[in-house]
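A look at the structure
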Amino acid sequence: MQNLLHNLNPEQLAAVTLPAQSALILAGAGSGKTRVLTTRIAWLIQTGQISPNGVLAVTFTNKSAKEMLMRLSAMLPINTRGMWIGTFHGLCNRLLRAHHRDAGLPQTFQILDSGDQLSFIKRLLKANNIDDEKFPPKTLMYFINSAKDQGLRAAQVDAYDDFNRKMVALYDLYDLQCQREGVVDFAELLLRTYELLSRNQPLREHYQSRFKHILVDEFQDTNDLQYKWLKLMAGTQAAVFAVGDDDQSIYAFRGANVGNMSAFEKEFQVENLIKLEQNYRSHGHILDAANALIEHNSQRLGKNLRTDAGHGELVRIFEASSDIQEAQWIAEEAKNLIRDGYDQSQIAILYRSNAQSRVIEHALFSANLPYRVYGGQRYFDRAEVKHAIAYLQLMDNPHNDSAFMRVVNFPTRGIGARSIEQLQDAAKQYGISLYAAVPYVSGKAGSSLASFVKLIEGARFETQHLPLPEMVQVVLDVSTLLNHYQSEKEGTERIENLEQLVNAATLFVAEEGFGHDAPALHGPASRPAGQLITNGAAPIEIIDADAALPTVMSPLSAFLSHASLEAGDNQAQVGQDALQLMTVHAAKGLEFDAVFIGGLEEGLFPHENSTQEESGVEEERRLMYVAITRARQRLYMTFSQTRMLHGQTRYNLRSRFFDELPEASLKWLSPKIQTNWFARPKSAWDDAPELGANAIAQSLQSQSQSVWRIGQNVAHAKFGEGVIVNIEGSGSNARAHINFGKFGMKLLDLSIAKLDRI
DNA sequence: ATGATACATCTTTTT
DNA sequence: GATGTATCAT
């Protein structure tokens, strides 16, 4: 016990040892948040206040769930398996599997990732003859997801105009089709669980009385539904220990609601609000910069980081003439750092958007510096892996149309668009899945489809008693996927990835049977398959998910959820000693001795899409705050006068955030140009004089080229005749809104689209 | 069924 | 500039 609590500062100690009531911990960057969270759990268990299986700890990423589990097993001599530690989605999946019947789901329901969801929606629109110009799949997907994230079913969404009424109707149709196919999207996992527990009192009470302590990490990132979910789980008895930092809320764009923090404070009658403001990471000037910047946000719970580490070095700022020069300068400077003894892997280069990495990579490559880029494609996202997974999905749940469509003709087996069309018609007519509709297709198309079905059935029969890894191996063969890639010239890597899937399955099975995403599974379940709850008749025997799961979820089902919920490491190749490149978002939670933040320009950071609303700017500011607080000792910020973006040169202004930093903590490595640009019109044209004669000449040239004006009639090869309604941008950047009558309004890039004046 | 061409799009991202 | 997707020709 002494051991557990030693080395905690007074605030941390207070947080860890709080009484069993709900509490809100405002944990600043680098203040030991994860440590407090895990120590709290260890302390609760060690002092006998709770048994391991009374603990529910929720995180957002698999990574942090794993880390928490790892730290806990280092702290405690006990088995961590009884605890429920996982992501919102992982935990919901577990509950829904165990209680699938009560949740109204088939035992083998499958999870759509965002890619699957998008193609699902595209198919849905096509099948119902909906114009996808009027109802873009992405828009519909966003509509559905944000409704679900708020906990709303189609019937509960307010529709105030025709467009929205149609969207709502499509949402309803979407849910219906999901149900038909036995698939759920990510948001559905949460919403289903929420509805299940709201509606089913015995089940709800069972879990409410089991989980007396609920701990939530990154609370500022919760969305409305997650918050409601937590409220429901907690009931009136549980103590919710929420840890978060409102200043690091950078996911509002995907539904996170910082407001949940103050709502939590009120609704959970939080008496204990503890601020962790002692920062163990960054030197003084860096923290001063971070504190001063975030001061400019109006919506804050209020918190200021402090450090004992001394002022340290000034924050260095560099202005480059171009993005290429900026990158070269960063490479040069990184080289100097390494020469001065910095560890390569302790130097990070952060940027706002992925598009910026290319130029930097190029410069690093030329400078002969090793680097690794975070955020690439993930293992389970690779096309060949998705194909193999689709075969497995079909064997487990043949009604998954997404899986069906993915592989029905891959590798090609003569089932073309026509055959598919017939099949889709039949499926629609009878309201059944594509797989089930196969017998209704006649002729040649029918027989090739039937042999595909035979392939799947055969594979299922052949592998039904095989262990998972062997099952995967058989599927790779039987599907002829391996064969197909063997005859392809670029196929070797793909084959390796496919073979890797067998390894992944082996690994998955080895790790406690189903892998860590699943509950403790020790031997066969002591009870019959977990069908249990009936509304009404008492007494009701509840079989807890821990007991029900092993009988309800096959290794294959478990592996498939694992593949969807944990798409694999996108953290690139591990371990290498190399410079770290990533977006600011990806850097959250990490720290480095030296940090470069590049591209600090208006329009990029803050991003132009965010600057329309004040809340958008505030989120960008928090993002900047996250970026700054990644640095321990040395911090660089760079910006550039010109930058290639979307293939065009853009003239950018220095980011407004520079004006929000304390001058005393900064060191301008290039002379600070006095532009006073806030007083000027914000057009690139007006800034041209600063950019030198060359730029002016360029500007004038493109200006004289512009033959397009509002009202001009034009002709387009595909859209026919139209009229220019509006022009945005200028010079070679110009894009025009053109009304093409029955083809509707189009936004075309004037330097790309082929238009004739008429 | 495959390859070529046209064109739209282009923030961030986990599950 | 690079990428993905839709459409058309082969």
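Residues numbered from 1 in each chain as written. Chains lettered and ligands numbered in written order. Predicted model: local features only at pLDDT ≥ 70, side-chain atom pairs only at ≥ 80, totals over all residues. Heavy atoms only, no water.

1. Things to note about the overall build of chain A
As a reminder, the rule being used: Helix and strand assignments come from DSSP, with helices taken as H or I runs of at least 4 residues and strands as E runs of at least 2, each series counted from the N terminus. Only protein chains enter the accessibility calculation, which uses a 1.4 Å probe. A residue is then buried if its area is under 20% of the maximum for its type, exposed if over 50%, and partly exposed in between. Residues count as neighbours in contact if any of their non-hydrogen atoms are within 4.5 Å of one another. Only the protein chains shown count as covering a residue, and every accessible area follows the Shrake-Rupley method with a 1.4 Å probe.
On a plain count of helices and strands, chain A comes out with 30 helices and 21 strands. Considering chain A as a whole, with its 758 residues, one finds that 53% of them fall into the buried category. For chain A, the share of sequence-separated contacts (at least 6 apart) that also reach a separation of at least 24 residues comes to 74%. Summed over all atoms, the accessible surface of chain A reaches about 33,500 Å², with 50% contributed by carbon and sulfur.

2. As for the pattern of salt bridges
Where side chains of opposite charge bring their charged atoms close, a pairing between them can arise. Going by this rule: In the sections that follow, a salt bridge refers to a side-chain nitrogen of Lys or Arg positioned within 4 Å of a carboxyl oxygen of Asp or Glu.
For the coordinates displayed, the defined rule picks out 44 salt bridges. Between arginine 632 and aspartate 593 there is a salt bridge whose closest N-O contact spans 2.6 Å. Here arginine 632 is found in strand β14 (residues 631-645), whereas its partner aspartate 593 is found in strand β13 (residues 592-597), with 39 residues between them in sequence. Close ionic contact of aspartate 659 with arginine 654 constitutes a salt bridge, the shortest N to O distance being 3.7 Å. Through salt bridges with shared partners, one network takes in Lys148, Arg153, Asp175, Asp185, Glu188, Arg192 and Glu195.

3. Considerations on the packing of helix α21 (residues 443-463) against helix α22 (residues 468-478)
Note the following rule: Between N-to-C directions, angles span 0 to 180 degrees; the directions come from axes that are lines fitted to C-alpha atoms, helices contributing only their stretch in contact. We call two directions roughly parallel when the angle between them is under 35 degrees, roughly antiparallel when it is over 145, roughly perpendicular when it lies between 65 and 115, and oblique otherwise. Left-handed describes a crossing whose near helix is turned anticlockwise from the far helix through less than a right angle; right-handed describes the clockwise counterpart. Residues were grouped as follows: Ala, Val, Leu, Ile, Met, Phe, Trp, Tyr, Cys and Pro as nonpolar; Asp, Glu, Lys and Arg as charged; and all remaining residues, including Gly, as polar.
For the pair α21 and α22, the least separation of the axes is 10 Å and the interaxial angle reads 150°. Put simply, α21 runs roughly antiparallel to α22. Two packed elements cross with a definite hand, and for α21 against α22 that hand is right-handed. Of the residues in α22, those touching α21 at Leu455, Ala459, Glu462 and Thr463 are Met471, Val474 and Val478. Within the contact of α21 with α22, the residues separate by chemical class into five nonpolar, one polar and one charged.

4. Looking at the nonpolar core
Worth spelling out the cut-off: We call a set of buried residues a nonpolar core when its members are Ala, Val, Leu, Ile, Met, Phe, Trp, Tyr or Cys and they connect through side-chain atoms within 4.5 Å of each other.
Judged by nonpolar contacts, the single largest core of 122 residues is most densely connected at Tyr207, Ile214, Trp229, Phe264, Phe404, Phe452 and Leu501. Ranked by the residues each element gives to this core, the list is headed by helix α17 (residues 383-396), at eight residues. Aside from chain neighbours lying at most four places away, what touches tryptophan 229 is Val58, Phe88, Cys92, Leu190, Thr193 and Tyr194. Counting 39 residues, the second-largest nonpolar core is a separate cluster that includes Leu287, Tyr625, Ala627 and Phe658.

5. Here's the deal with the protein's contact with DNA strand C
We count it as follows: By convention in these notes, a residue is near a molecule or strand provided one of its non-hydrogen atoms lies within 4 Å of it. Distance and chemistry together define a polar contact, namely a pair of N or O atoms within 3.5 Å, with one atom able to donate a hydrogen and the other to accept it when in protein, and with adjacent residues in sequence counting only for side-chain atoms on both sides.
Surrounding DNA strand C, one finds Arg358, His646 and Gly647. The sugar-phosphate portion of DNA strand C accounts for 25% of its atoms within 4 Å of the protein, the bases making up the rest. Contacts to DNA strand C include arginine 358, whose side-chain N or O atom sits 3.4 Å from a phosphate oxygen. Here a base oxygen of DNA strand C and a backbone polar atom of histidine 646 are 3.4 Å apart.

6. Description of the pairing of strand β12 (residues 579-583)
Using the following cut-off: DSSP bridges decide pairing: two strands pair if at least two such bridges lie between them.
Most of β12 sits out of view: five of its five residues are buried. The alternating pattern of β12 places Leu579, Leu581 and Thr583 and Gln580 and Met582 on opposite faces, both of which are buried. With four bridges connecting them, strand β10 (residues 347-351) and β12 associate as parallel partners. In the strand pairing of β12, alanine 348 is matched with glutamine 580.

7. Notes on the packing of aromatic side chains
The criterion, for reference: In this scheme Phe, Tyr and Trp rings, the latter by its six-membered ring, pair at centre separations within 6.5 Å, and the angle between planes marks the pair as stacked below 30 degrees, edge-to-face above 60, and tilted otherwise.
The final tally for this structure, using the stated rule, is 25 aromatic pairs. Judged by centre distance (4.3 Å) and plane angle (5°), the rings of phenylalanine 596 and tyrosine 636 are stacked. Taken together, the residues phenylalanine 596 in strand β13 and tyrosine 636 in strand β14 connect sequence positions 40 residues apart. Judged on exposure class, the residue phenylalanine 596 and its partner tyrosine 636 are both buried.

8. Quick look at the environment of serine 209
Mapped onto the elements, serine 209 comes out in helix α11 (residues 201-210). Sequence separation between serine 209 and alanine 736 is 527 residues, and the spatial gap between their C-alpha atoms is 61 Å. Here the side chain of serine 209 touches histidine 206 through a polar contact of 3.1 Å, landing on its backbone oxygen.

9. Observations concerning the UniProt feature "domain: UvrD-like helicase ATP-binding" (unreviewed entry) in chain A
To be explicit about the condition: UniProt positions are given in the numbering used here, feature names are shortened, and annotations may be inferred rather than shown by experiment.
The residues that UniProt annotates with the feature "domain: UvrD-like helicase ATP-binding" (unreviewed entry) are residues 6-283. The distance from the first to the last C-alpha atom of residues 6-283 is 24 Å, and the span holds 51% helix and 13% strand.

10. Remarks on unusual backbone geometry
In this structure, proline 411 follows phenylalanine 410 across a cis peptide bond, with omega equal to -5°. Within the element layout of this structure, proline 411 appears in the loop between α18 (401-407) and α19 (417-430). With a phi close to 65°, asparagine 368 is a non-glycine residue in the positive phi region. With respect to the helices and strands, asparagine 368 occurs in the loop between α16 (357-366) and β11 (371-373).

11. Focus: the sheet that holds strand β2 (residues 55-59)
With respect to topology, six strands assemble into an open sheet ordered β3-β2-β6-β7-β1-β8, the strand pairing being parallel. A single partner strand is all that each edge strand has here, and the edge strands are β3 (84-87) and β8 (272-276). With direction set aside, neighbouring strand axes in the sheet form an average angle of 15°. Examined bridge by bridge, strand β1 (residues 23-27) and strand β7 (residues 239-244) share four bridges and lie parallel to one another. Looking at β7, one finds that leucine 26 is bridged to glycine 244.

12. Structural notes on the protein's contact with DNA strand B
Close to DNA strand B lie 31 residues; Asn62, Ser114, Arg352, Asn354 and Thr583 are nearest. Within 4 Å of the protein, the contacting atoms of DNA strand B are 56% sugar and phosphate, with bases supplying the remainder. Within the side chain of histidine 585, an N or O atom sits 3.5 Å from a base oxygen of DNA strand B. A breakdown of the residues in the surface near DNA strand B according to their chemical character gives eight nonpolar, 19 polar and four charged.

13. A closer look at the state of the cysteines
The condition is simple: Here, a disulfide means two cysteine sulfur atoms that sit within 2.5 Å of each other.
Following the criterion strictly, the structure yields zero disulfides and no others. There is no disulfide at cysteine 92, and the cysteine sulfur nearest it, in cysteine 178, is 16 Å away. Cysteine 92 sits in the buried class, given a relative accessible area of 0%. For cysteine 178, a relative accessible area of 5% puts it in the buried group.

14. What to know about the packing of α17 against α21
Packing of α17 against α21 leaves a shortest axis separation of 9 Å and a crossing angle of 80°. Compared by their axis directions, α17 and α21 come out roughly perpendicular. Of the residues in α21, those touching α17 at Tyr391, Leu394 and Met395 are Phe452, Leu455, Ile456, Ala459, Arg460 and Thr463. Residue classes in the contact of α17 with α21 are distributed as seven nonpolar, one polar and one charged.

15. As for the confidence of the model for chain A
Reading fine detail from the predicted coordinates is not recommended where pLDDT is low. Basically, it comes down to this: What pLDDT expresses is the predictor's confidence in each residue, scored from 0 to 100.
Confidence in the prediction of chain A, expressed as mean pLDDT, is 85, and 85% of residues score 70 or more. For the stretch residues 515-538, pLDDT sits under 50, and the model shows 52 contacts to residues farther than four places along the chain or on other chains. Counting contacts from residues 673-706, a segment whose pLDDT is below 50, to residues more than four positions away or on other chains yields 35 contacts.

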